[in-house]
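Chain and residue survey
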Amino acid sequence: DAGVTQSPTHLIKTRGQQVTLRCSPKSGHDTVSWYQQALGQGPQFIFQYYEEEERQRGNFPDRFSGHQFPNYSSELNVNALLLGDSALYLCASSLANRGPGELFFGEGSRLTVL
Amino acid sequence: RKEVEQDPGPFNVPEGATVAFNCTYSNSASQSFFWYRQDCRKEPKLLMSVYSSGNEDGRFTAQLNRASQYISLLIRDSKLSDSATYLCVVTRGGFKTIFGAGTRLFVKA
């Protein structure tokens, strides 16, 4: 049973560029959430997708956007990258009928913006 | 003030010790509560849910006090493998999860 998989695992971009991160949820899960984790901090909620719709959003600017596909996989896009966007981006999957707190995380995509 | 606050630690304890972590949350509309564990440079993993009646899983006991908006995690008989960061998590608004910054624990032989 495959867990949550994310790609790429590491990437380096320069300011102003755009990045796309990808996530495949745990088998059987229908909900995908994205988080940003800066060094020494807890994960910060970016948004959640269910049935291909953004269902909830945290305090992140519109530069952060996402998508969920019919197979439940998801993408996170960040435009006009800033130095402060450097962080670990975590994808978590869950079952909608189990509530929002029982999350299974991928290993993350570590983004460095130079 | 952060919505979920934890003592950052680190807590340095010997093997076999009992250690307790506290967490406070500021939004009374918070709905459900969890503890996650995150090993160094790894992803967070669900440790246990927290209920008003309290719950226990082996050496781990979690408590919730809604009136004081306070959550705790007690680890008995600490093992070297318990060394990690422990994240307090609350949910509200149906779908939103809020993580604390975490408490670091080091268990030493």
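Below, the structure is looked at part by part. Bear in mind that the values here come from a model prediction, so they are computed numbers and not experimental data.

When the parts come together, some accessible area is lost, and that loss is often what is quoted as the size of the interface. Opposite the 21 residues of chain A that make contact, chain B presents 19 residues. Taken together, the two surfaces of chain A and chain B that pack against each other cover about 1,700 Å², and 54% of this comes from carbon and sulfur. There are zero salt bridges connecting chain A and chain B. Elements supplying a minimum of two residues to the side of chain A that touches chain B: strand S4 (31–37), strand S5 (44–50) and strand S6 (53–57) of chain A. Counting residues per element, the side of chain A that touches chain B draws most heavily on S5 of chain A, at three residues. Taken together, the residues of the side of chain A that touches chain B break down into seven nonpolar, ten polar and four charged.

Residues and elements named next belong to chain A. The two faces of strand S11 (residues 109–113) differ: Ser-109, Leu-111 and Val-113 on one face are buried, but Arg-110 and Thr-112 on the other face are not. Relative to S11, strand S2 (residues 10–13) runs parallel, the two sharing four bridges. Paired with Leu-11 across the two strands is Leu-111, which belongs to S11.

Residue and element names in this part refer to chain A. Under the definition given, this model contains eleven aromatic pairs over all chains. On the numbers, 5.5 Å between centres and 55° between planes, the contact of Tyr-35 with Phe-105 is tilted. In this pair, Tyr-35 is assigned in strand S4 and Phe-105 in strand S10 (residues 104–105), connecting sequence segments 70 residues apart. You'll find Tyr-35 and Phe-105 in the same group, each marked buried.

The next subject is the sheet that holds strand S7 (residues 64–68) of chain A. All names here are of chain A. Strand order in the open sheet formed by four strands is S1-S3-S8-S7, and the pairing between neighbours is antiparallel. Edge positions in the sheet fall to strand S1 (5–7) and S7, since each has one partner strand and no second. Across the sheet, the mean angle from the axis of one strand to that of its neighbour is 15°, orientation sign disregarded. Pairing of S7 with strand S8 (residues 74–78), which is carried by five bridges, proceeds in the antiparallel orientation. Note that in S8 the partner of His-67 across the bridge is Glu-75.

Basis of the calculations
Residues numbered from 1 in each chain as written. Chains lettered and ligands numbered in written order. Predicted model: local features only at pLDDT ≥ 70, side-chain atom pairs only at ≥ 80, totals over all residues. Heavy atoms only, no water. Contact = heavy atoms within 4.5 Å. Buried area = accessible area lost by both parts, 1.4 Å probe. Salt bridge = Lys/Arg side-chain N within 4 Å of Asp/Glu carboxyl O. Helix = DSSP H or I, 4+ residues; strand = E, 2+ residues; numbered from the N terminus. Nonpolar A, V, L, I, M, F, W, Y, C, P; charged D, E, K, R; others polar. Buried < 20%, exposed > 50% of the residue type's maximum accessible area, 1.4 Å probe, protein only. Pairing = 2+ DSSP bridges. Phe/Tyr/Trp six-rings, centres within 6.5 Å; stacked < 30°, edge-to-face > 60°. Axes fitted to C-alpha atoms, helices over the stretch in contact; angles between N-to-C directions.

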